[in-house]
Amino acid sequence: MELQALWFILVAVLFTGFFFLEGFDFGVGILLPFMGKDDRERRAVINTIGPFWDGNEVWLVTAGGAMFAAFPHWYATLFSGFYPALLLMLAALIMRGVAFEFRSKHDRPSWRNFWDWSIFLGSALPALLWGVAMANFIRGVPVDASMNYAGGFWNLLNPYALACGLASLSIFTLHGAVFLTLKTTGEMRERAMATAKTLWTPAVLLSMLFMAYTYVETDLYQRLGINPGIVPVFSVLALFSVRTLLRRNASGWAFAMTGVAIAFSTATIFMGLYPRVLVSSLNPEWSLTVQNASSSPYTLSIMTTVALIFVPLVLLYQGWSYWVFRQRVAVDAHHEY
Amino acid sequence: MDIVFLARLQFALTSVFHFFFVPLTLGLSIFTAILETAWVRTGNRKYLQLVQFWGRIFLINFAVGVVTGIVMEFQFGMNWSEYSRFVGDIFGVPLAIEALLAFFMESTFLGIWIFGRDRLPKAVHAASIWLVALGSNLSALWILVANSFMQAPVGFRMAADGSRAEMTDFAALLFNPNVWKQFPHVLAGGIVTAGFLVIALSTWHIMKGSKGREAFVISMKFGTIYAFIGTVLVTLAGHTQMQHIMKTQPMKVAAAEALWETENPASFSLFTIGDEEKLEDLYSIRIPRLLSFLAYNSFEGEVKGIRQLQAEYEAQYGPGDYVPSVITAYWSFRLMVGAGTLMLLVSLLALWKVSRDDYRFPPLLGALFFWSMLLPWIANSTGWILAEMGRQPWIVFGLLKTEQAVTPASVVGPGELVLSIALFTALYLLLAAADLFLIRKYAALGLEGTE
């Protein structure tokens, strides 16, 4: 296979992994102030993602690194062009990251409250902004002939991108709620179950809105053609199935299905994008593609060797950590943290 | 306002702040792992208590290091897009490998270490903190592979149209001599930073007669040996690194020495006030021959001066100003070496006390041991300031100038830069305050809350 195509797929896989994994810990973070009525409950909610969130976030850091190495122009145009949005996201990720560590280290209620709301905002903002970013990839942003972004902040916050942002926000929140039904017990689990059921409706509605809007705003449907294949179809079916699965108390399956919905819809966007990586709204000729944005064949081949050796290893030990902490977190259990 | 200045200011702010936390992570992860190994092997509960005491401080520090690190990865693209386009083919690779090889390991096993104590056998738990330490220190290696390309580019060719540097030899990049001079220096710097913090807090608790004094005596012993080994290593590594820079970036050495004219044998400046416009001394005290010795391990040998190097660079690269800020390079070098010398003395003093099993500290000595913990931080920061500012006007030595590397003003203007500097300053002040508050609290708490 062409190395450029392979690396496009790998970057897409890294983003998919990031949305699937960090998606639920964003969701749990968003639900934290509402699911945990007192400090003990909040600690239990955080502990469901405690061992994982940092490793999940590394998927983003790796995606960024892979983008830089394999498609330097994509990285350069995107990160400089989406400047204010990335600033907001960095601020959010900073506050959220330290909050997980800092909140338990001091027991004044105002201290804990401050960090809990930092976790909330620090999770909600990226959950929204990643949807906005993905929508802009495919809709197109003003990119000029020299590959520089030529728009402003408001070009990024167009209604279509906001619709996608709300869809990603709602799906990540749902994903988090379903994760909590999988990882908690007793009353907390019932509360998570009820929340998940409630969240399903807006998630479906916003996703439908986003899909309809995509037809109007982008060329995704034309590109995918009359028979789009199983990936987009399954992502929709998976999301629909979640409610039924929750009603049958099948948390594991429901979580798998919110996961499939997130992974497959991310894949759909990348499929519609290929071979472009960032669409120029000014002139289709100026779009960044896997060809004109990529590194040299030598660099890509080095990266491929490294990825072939280390990605399986990472999956293995990250998988093992999920196995170690497979038990549900009970509110009245002893929390070592 | 000038966007190059603003972008540099932001980079200085975010990277210096990030590096307040990194060295302690590097050194304290290994130190905690050593203590936990001692606990597994001996079953002596005091080791476990120390693991928990130092572990808490490690985690508070680690959190800030991680989140400020994300900024580092993003800001190359955000503020330095032309740089990213120019070096992505090379520089992106170690960054991606750093994430894949080091960050995953560090974060996954840290999660296991924090939450896994009741679920895992003791030896597996200890292995997980070793993997955290390995991951952290590997990340330092890979980022230095990236940085070394900026200091001394190897293993590349210029693209036919001159638009970017392309990698031709990955092994050359990895075995860039600069990496293997810089990495031991940074690694040892981490050990020193942790060692002196351990000495400081152990001394404080021993003097205060805190509960668990015996545990802090153990901590003092380990910390002193650790700090001493680290200080010796950091000095030796720094010495060989300087000799290497003599070959690759002589201008950096000349600026660090305020050596305006070529000398043979060259003198070492003890104290200089210079005129950067005229490139000459206003006042200077110098030790004859010492710089030649530092550079070549011999009291003979030519060290090129700033004026000659400027002329050489103009001949090689065309007209321009190739002199970095001499006052910055000169004083950061002096602060780093001065702090290093003091650390050597303090660690020897601590070693002498510990070797005599004498843990009575007169107030002045106690204060010295306590406040010496600031020395590594001074040396770490000034060392990087010298490394980066001494390379100016280049961002990639000999290939790309800093002023050519910044994101075009049409994409990121002064307004956005000022806004982001303000945002990061506010956020980082908040983080610093919260971090200091918590570290002080848990440092003072001692063994309370441990088992």
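Scroll up to find the structure this text is about.
Nothing here was measured: the structure is a model prediction, and the numbers come from that model.

Reading the values: rules and limits
Residues numbered from 1 in each chain as written. Chains lettered and ligands numbered in written order. Predicted model: local features only at pLDDT ≥ 70, side-chain atom pairs only at ≥ 80, totals over all residues. Heavy atoms only, no water. Helix = DSSP H or I, 4+ residues; strand = E, 2+ residues; numbered from the N terminus. Salt bridge = Lys/Arg side-chain N within 4 Å of Asp/Glu carboxyl O. Buried < 20%, exposed > 50% of the residue type's maximum accessible area, 1.4 Å probe, protein only. 1 Å grid on protein atoms, 1.4 Å probe; cavity = no way out; pocket = protein on both sides within 12 Å on 5 of 7 lines; lining within 4 Å. Points joined across faces, edges and corners; volume = space filled by probe spheres on them. Contact = heavy atoms within 4.5 Å. Buried area = accessible area lost by both parts, 1.4 Å probe. Nonpolar A, V, L, I, M, F, W, Y, C, P; charged D, E, K, R; others polar. Pairing = 2+ DSSP bridges.

Draft legend 1. A look at unusual backbone geometry. All names here are of chain B. Of note, the bond from N264 into P265 is cis; its omega dihedral lies within 30 degrees of zero at -5°. Structurally, P265 is set in the loop between α8 (250–257) and β3 (268–275). Of note, the amide linkage connecting Q392 to P393 takes the cis form, showing an omega dihedral of 10°. Locating P393 in the fold gives a position in the loop between α13 (374–389) and β5 (394–396). Phi is positive for R289, which is not a glycine, with a value near 70°. Here R289 shows up in the loop between β4 (280–287) and α9 (290–296). With a phi close to 55°, N297 is a non-glycine residue in the positive phi region. With respect to the helices, strands and loops of the structure, N297 is situated in the loop between α9 and α10 (306–317).

Draft legend 2. Quick look at the pattern of salt bridges. Within this structure, the stated rule accounts for 24 salt bridges over all chains. Note that E388(B) and R391(B) form a salt bridge whose closest N and O atoms lie 3.1 Å from each other. The buried category is assigned to R391(B), whose relative accessible area is 3%. By sharing partners, the salt bridges in this structure join D39(A), R42(A), R103(A), R112(A) and D116(A) into a single network.

Draft legend 3. Region of the structure containing empty space enclosed by the protein. Counted by the stated rule, this structure contains three cavities of 30 Å³ or more. Empty space within the largest cavity amounts to approximately 210 Å³. Along its surface, the largest cavity is lined by 19 residues, and W53(A), D54(A), E101(A), L110(B) and I114(B) are the ones closest to its centre. Its volume calculated, the second largest cavity comes out at about 140 Å³. Lining the second largest cavity are 15 residues, and of these F82(A), A85(A), L86(A), L129(A) and A133(A) sit closest to its centre.

Draft legend 4. Quick look at the environment of V154(B). All names here are of chain B. Note that V154 resides in the loop between α4 (122–151) and β1 (156–158). Through-space distance from the C-alpha of V154 to that of A367 is 47 Å; in sequence the pair is 213 residues apart. Once residues lying within four places of it in the same chain are set aside, the contact partners of V154 are F149, A172, L173 and N176.

Draft legend 5. Seen up close, the interface of chain B and chain A. In this complex, chain B contributes 71 residues to the contact, which on the side of chain A involves 69 residues. Approximately 6200 Å² of surface area, both sides summed, lies buried where chain B meets chain A, with 76% of it carried by carbon and sulfur atoms. Taken as a group, R85(B), F104(B) and F115(B) account for 13% of the area that chain B buries against chain A, more than any other trio of residues on that side. Only α2 (45–79), α3 (81–115), β2 (165–167) and α15 (414–445) of chain B provide two or more residues apiece to the side of chain B that touches chain A. Looking at the side of chain B that touches chain A, the element that brings in the most residues is α3(B), giving 25 residues. Of the residues contributing to the side of chain B that touches chain A, the split by class is 45 nonpolar, 14 polar and twelve charged.

Draft legend 6. Structural context of the pairing of β4(B). Residue and element names in this part refer to chain B. Bridge count between β3 and β4: seven bridges; the pairing is antiparallel. Residue S269 lies in a different strand from β4, and its bridge partner there is R286. Linkage of β3 to β4, two consecutive antiparallel strands, is achieved through a turn of four residues, within which L279 is found at a positive phi near 55°.

By themselves, these are just geometric observations and shouldn't be taken as functional.
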